[in-house]
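Summary of structural features
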Amino acid sequence: MMKTSISKEQQEVLYAIESMTKSFNDKDIDGVMSSYEDGALVIFEPETPVRDVKILKEMFLGAFGINPQFAYPNGHEVFVNGDAATHIAPWVMTGKAPDGTPIRQTGLSVANLRRQKDGRWLLIFDNPHGSFLLNQ
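Here's what I pulled together on the structure shown here. From a predicted model like this one, the values you see are computed outputs, not experimental measurements.

Our next topic: the pairing of strand β6 (residues 102–115). Consecutive side chains of a regular strand alternate in pointing toward one face of the sheet and then the other. In the sheet, strand β5 (residues 84–96) pairs with β6 via 13 bridges, with the strands oriented antiparallel. Each bridged residue has a counterpart across the sheet, and for threonine 94 the counterpart in β6 is arginine 104. Connecting the antiparallel pair β5 and β6 is a turn made up of 5 residues, with glycine 100 showing a positive phi of about 95 degrees. The pairing of β6 with strand β7 (residues 121–127) spans 6 bridges and is antiparallel. Counted as the bridge partner of arginine 114 is leucine 122 from β7.

This part takes up the environment of asparagine 135. With respect to the helices and strands, asparagine 135 occurs in the segment after β7. Between the C-alpha atoms of asparagine 135 and aspartate 118, which are 17 residues apart in sequence, the distance is 40 Å.

So, about the pattern of salt bridges. Between side chains of opposite charge, a pair can form when the charged atoms approach closely. All told, the structure shown has 6 salt bridges when counted by the stated rule. As a salt-bridge pair, lysine 8 and glutamate 12 come within 2.6 Å of each other at their nearest N and O atoms. Highlighted residues: lysine 8 and glutamate 12, both in helix α1 (residues 8–25), separated by 4 residues, approximately one helical turn. The partner of aspartate 118 in a salt bridge is arginine 120, with the nearest N and O atoms 2.8 Å apart. Accessibility expressed as a relative area gives 43% for arginine 120, which makes it partly exposed. Connected through salt bridges with shared partners, the residues Glu9, Asp83 and Arg115 form a single ionic network.

This paragraph deals with the layout of surface pockets. In this structure, the largest pocket encloses a volume near 570 Å³. Phe24, Phe44, Phe60, Phe70 and Pro128 are the residues nearest the centre of the largest pocket, which is lined by 28 residues in total. Elements represented by at least two residues in the lining of the largest pocket include exactly α1, β1 (36–45), α3 (53–63), β5, β6 and β7. The element contributing the most residues to the lining of the largest pocket is β1, with 5 residues. For the lining of the largest pocket, the per-class residue count stands at 20 nonpolar, 6 polar and 2 charged.

With 18 residues, α1 should cover 26 Å at 1.5 Å per step; its first-to-last C-alpha distance of 25 Å lies within 8% of that length. Restricting attention to buried positions, one finds in α1 the residues Gln10, Val13, Leu14, Ala16, Ile17, Met20, Thr21, Ser23, Phe24 and Asn25. Looking one or two residues past α1, lysine 27 carries a phi angle of roughly 60 degrees, positive in sign.

Glancing now at the pairing of β1. Of all the 10 residues making up β1, 7 are buried; the element is thus mostly covered by neighbouring parts of the structure. Looking at chain direction, β1 and β7 are connected through 3 bridges and run parallel. Bridge pairing in β7 links tyrosine 36 to leucine 123. Sheet topology places β1 next to strand β2 (residues 48–50); 3 bridges connect them, and they run antiparallel. Of the residues in β2, the one forming a bridge with glutamate 45 is threonine 48. From the end of β1 to the start of β2, which pair antiparallel, there are 2 residues, and glutamate 47 there has a positive phi angle of about 65 degrees.

Quick notes on the rules
Residues numbered from 1 in each chain as written. Predicted model: local features only at pLDDT ≥ 70, side-chain atom pairs only at ≥ 80, totals over all residues. Heavy atoms only, no water. Pairing = 2+ DSSP bridges. Helix = DSSP H or I, 4+ residues; strand = E, 2+ residues; numbered from the N terminus. Salt bridge = Lys/Arg side-chain N within 4 Å of Asp/Glu carboxyl O. Buried < 20%, exposed > 50% of the residue type's maximum accessible area, 1.4 Å probe, protein only. 1 Å grid on protein atoms, 1.4 Å probe; cavity = no way out; pocket = protein on both sides within 12 Å on 5 of 7 lines; lining within 4 Å. Points joined across faces, edges and corners; volume = space filled by probe spheres on them. Nonpolar A, V, L, I, M, F, W, Y, C, P; charged D, E, K, R; others polar. Expected span 1.5 Å × (residues − 1).

If you want it as structure tokens, here you go:
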């Protein structure tokens, strides 16, 4: 949750992010995919943008294999400008490799969302590797 008071629009954007994250944590592929606008760009690995919906679905389903659980322990920043929004948040992901070895990763999520005609906010750009260049 954001640390300062937030507007109704910011709450709606945050709800869209939290809904996608819950769907991901629950391995709900339909919920994950419905969080994205058609043609959305997702960065599964640094410098590797994916836009094709079939590949996106395959990559999410593949990620479910480690039983990932994402959390945002430091909160969220949400900025809204008309029908566009940006969400920024450090994340922690825990999971288990097929052999049972614990996995823990961290990163910085930078995502852009667009308000749809029906009022919902959908992701149009999702980069969980927003800190990639800082580590170069």
